[in-house]
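Breakdown of the fold
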Amino acid sequence: MAERSDSTLNERVKVLLSTLARVSNRPVTAIELAEAMNITGTHESRRRRVRETARYARECLGHRVCAGSGASDDCGYWMARDADEWASYLEAARNGARFRFAGIARAKRAVVERMGKQQRLFAQ
């Protein structure tokens, strides 16, 4: 986010929030938001800029912007309707982080184990 000016980022946040308010009956995809924000580039770079904008709105400005998760990584964005929905979203994000950290720990152990077996094999 550092390479973009604050005014550009703040303008994107305004468009993000107004789009989410206008389309309140369903999650809005990252590509739809990118089009509304006039973000150009590759499909993935457009989605990345939308993620950055949503994260900034959520983490720096305190807006209750929720983001879906799923296999496509583009399940959409929406505004939490109330404090309960926001709390549920945060709890789901916290649980997702726990699973990711557990997966990282398992991957580290697997690599250490594999390297240990290779070292024993070559030591013979």
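Below: a short report on this structure. Quick caveat: nothing in here was measured; it's all calculated off a predicted structure.

1. Notes on the packing of helix α1 (residues 6–22) against helix α3 (residues 43–59)
- Contact geometry for α1 and α3: axes closest at 10 Å, N-to-C directions at 85 degrees. One finds that α1 runs roughly perpendicular with respect to α3. Taken together, the residues of α3 that come into contact with α1 (itself represented by Leu 9, Asn 10, Arg 12, Val 13 and Leu 16) are Arg 49, Thr 53, Ala 54, Tyr 56 and Ala 57.
- In terms of residue class, the contact of α1 with α3 is built from six nonpolar, two polar and two charged.

2. Here we look at the pattern of salt bridges
- Considering all chains together, one arrives at five salt bridges under this definition.
- One salt bridge in this structure joins Arg 81 and Glu 85, with 3.5 Å as the shortest N-O distance.
- Arg 81 gets classed as exposed once you look at its relative accessible area, which sits at 66%.
- Where salt bridges share partners, they join Glu 44, Arg 47 and Arg 51 into one cluster.

3. Remarks on α3
- Taking 1.5 Å of rise per residue, 17 residues should cover 24 Å, and α3 covers 24 Å from first to last C-alpha, within 8% of that figure.
- Residues of α3 that are buried: Ser 45, Arg 46, Arg 47, Val 50, Glu 52, Thr 53, Ala 54, Tyr 56, Ala 57 and Arg 58.

4. Observations regarding the environment of Ser 69
- The topology assignment puts Ser 69 in the loop between β1 (65–67) and β2 (77–79).
- For Ser 69, a relative accessible area of 66% translates into the label exposed.
- Placed 27 residues apart in sequence, Ser 69 and Gly 96 show a C-alpha to C-alpha distance of 9.6 Å.

5. Quick look at the packing of aromatic side chains
- Tallying each qualifying case throughout the model produces two aromatic pairs.
- The interplanar angle of 80 degrees and the centroid separation of 6.4 Å between the aromatic rings of Trp 78 and Tyr 89 together place this pair among those described as edge-to-face. You can see Trp 78 sitting in strand β2 and its partner Tyr 89 sitting in helix α4 (residues 83–123), a full 11 residues away along the chain.
- Pairing Trp 86 with Tyr 89 gives two aromatic rings, centres 5.5 Å apart and planes at 20 degrees, and the pair type is stacked.

6. Examining α1
- Along its 17 residues, α1 runs 24 Å from first to last C-alpha, staying within 8% of the 24 Å computed at 1.5 Å per residue.
- Those residues of α1 lying buried are Leu 9, Arg 12, Val 13, Val 15, Leu 16, Leu 17, Thr 19 and Leu 20.

Thresholds applied
- Residues numbered from 1 in each chain as written.
- Predicted model: local features only at pLDDT ≥ 70, side-chain atom pairs only at ≥ 80, totals over all residues.
- Heavy atoms only, no water.
- Axes fitted to C-alpha atoms, helices over the stretch in contact; angles between N-to-C directions.
- Helix = DSSP H or I, 4+ residues; strand = E, 2+ residues; numbered from the N terminus.
- Parallel < 35°, antiparallel > 145°, perpendicular 65-115°, else oblique.
- Contact = heavy atoms within 4.5 Å.
- Nonpolar A, V, L, I, M, F, W, Y, C, P; charged D, E, K, R; others polar.
- Salt bridge = Lys/Arg side-chain N within 4 Å of Asp/Glu carboxyl O.
- Buried < 20%, exposed > 50% of the residue type's maximum accessible area, 1.4 Å probe, protein only.
- Expected span 1.5 Å × (residues − 1).
- Phe/Tyr/Trp six-rings, centres within 6.5 Å; stacked < 30°, edge-to-face > 60°.

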